[in-house]
Amino acid sequence: MDEQLAKARRGERAALTLLVQTHQRSVYSLALRMLGTRDLAEDLTQEVFMQMNGNLSAIDSNRHLGFWLRQVTSNRAIDQLRRRARVRLTSLDEEPQLFSAEEASDPLLQRHLRALLADLSPQARAVLLLRYQEDLDPVEIARTLDMPLNTVKSHLKRSLESMREKTANMQSMRCEGSSYE
Amino acid sequence: MSKDIESQMRAALRAVAPSEEFTQKLVANVTSRLPAPPKPRRFAAGLRPLAWWFSASLAASVVLAVGVHQHLQQQRLQQSGLEARREVLEALRVTSQKLNLAYEAVKSQSTSLTDAQSGA
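Engineer: Would you explain the pattern of salt bridges in this entry?
Structural biologist: Any two side chains of opposite charge can pair if their charged atoms end up close together. Residue and element names in this part refer to chain A. On inspection of all chains with the given rule, the structure shows 9 salt bridges over all chains. Residues Asp79 and Arg82 are paired through a salt bridge, measuring 3.9 Å at the closest nitrogen-oxygen approach. You can see Asp79 and its partner Arg82 sitting in helix H4 (residues 62-83), 3 residues apart, about one turn around the helix. Classification of Asp79 as partly exposed rests on a relative accessible area of 37%.

Laid out in structure tokens, this is it:
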């Protein structure tokens, strides 16, 4: 794959297309869950790949490219969210592709988790996405977001605790609701 | 419970692909602004006639300089030869003048002696 990077740097269209296709899913998902709407996510994805195009000479491996894309996407998304006073939450109808047939048994719980994610601060949201979407460990997350390791661990701990608590409340309400039926 | 919420988070945050239409647009936009590939060969080829002219003019200058230097040296030698010849001729002329004067002196002396002897 590093060979594709070298070819893309030399201006080979096919190699650059392959690089975009390989990484677009990760960049787009990160942008979508950070910003909340498909339009904003598409705009950010486009900006990030255009920036990548101008910076290919500074990227030395495919691993480095993945790191660079996650870093630029997260930082740009955090900047956008800071500029906006209030983030519009993702409409659940807006992303039907998020729910696939193979998804785990409780789609309602997962919608709820995504809604809780959208309520977090931009930094905490980025930390959770890098941890559970991109499967990065806390050290890699700290490097990507240029954040102290302890801050990353604290965001993870606090966010998970809050989500666990709110999820438990939701489930108990659902149980109560079903017992009345 | 912690494992449970983590696995639920992983399932909820599974990466999603953008629409096919967006992918096509993205690829088209990104590849339309490909950086121009480096062209070192064309650049060198452009320089080649210039380099040839530079080398040729340098060689011609060297040859010309050597020729001029040799010509000037020969002229200097010729000049100093002529100078030496002129000096030798001058020296011969001066010597000849002195000899003439001496001869005239000796001759006038011997004439006066002869006259005195014949008078006595």
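Structure shown, so let's carry the discussion forward.
Engineer: For this particular structure, what's the right way to read the interface of chain A and chain B?
Structural biologist: At the interface, 42 residues of chain A touch 29 residues of chain B. With both chains or domains summed, chain A and chain B bury close to 3,400 Å², and 65% of this area falls on carbon and sulfur atoms. For the pair chain A and chain B, the number of links is 1 salt bridge. One salt bridge in this structure joins Asp135 of chain A and Arg10 of chain B, with 3.6 Å as the shortest N-O distance. The tally of links between chain A and chain B comes to 10 residue pairs in polar contact (both at pLDDT 80 or more). Listed by contribution, the elements that provide at least two residues to the side of chain A that touches chain B are helix H2 (13-35), helix H3 (38-54), helix H5 (107-119), helix H6 (122-132) and helix H8 (149-180) of chain A. Looking at the side of chain A that touches chain B, the element that brings in the most residues is H2 of chain A, giving 11 residues. When its residues are assigned to classes, the side of chain A that touches chain B shows 17 nonpolar, 13 polar and 12 charged.

Rules of the game
Residues numbered from 1 in each chain as written. Chains lettered and ligands numbered in written order. Predicted model: local features only at pLDDT ≥ 70, side-chain atom pairs only at ≥ 80, totals over all residues. Heavy atoms only, no water. Salt bridge = Lys/Arg side-chain N within 4 Å of Asp/Glu carboxyl O. Helix = DSSP H or I, 4+ residues; strand = E, 2+ residues; numbered from the N terminus. Buried < 20%, exposed > 50% of the residue type's maximum accessible area, 1.4 Å probe, protein only. Contact = heavy atoms within 4.5 Å. Buried area = accessible area lost by both parts, 1.4 Å probe. Polar contact = N/O pair within 3.5 Å; in protein donor to acceptor, adjacent residues only side chain to side chain. Nonpolar A, V, L, I, M, F, W, Y, C, P; charged D, E, K, R; others polar.

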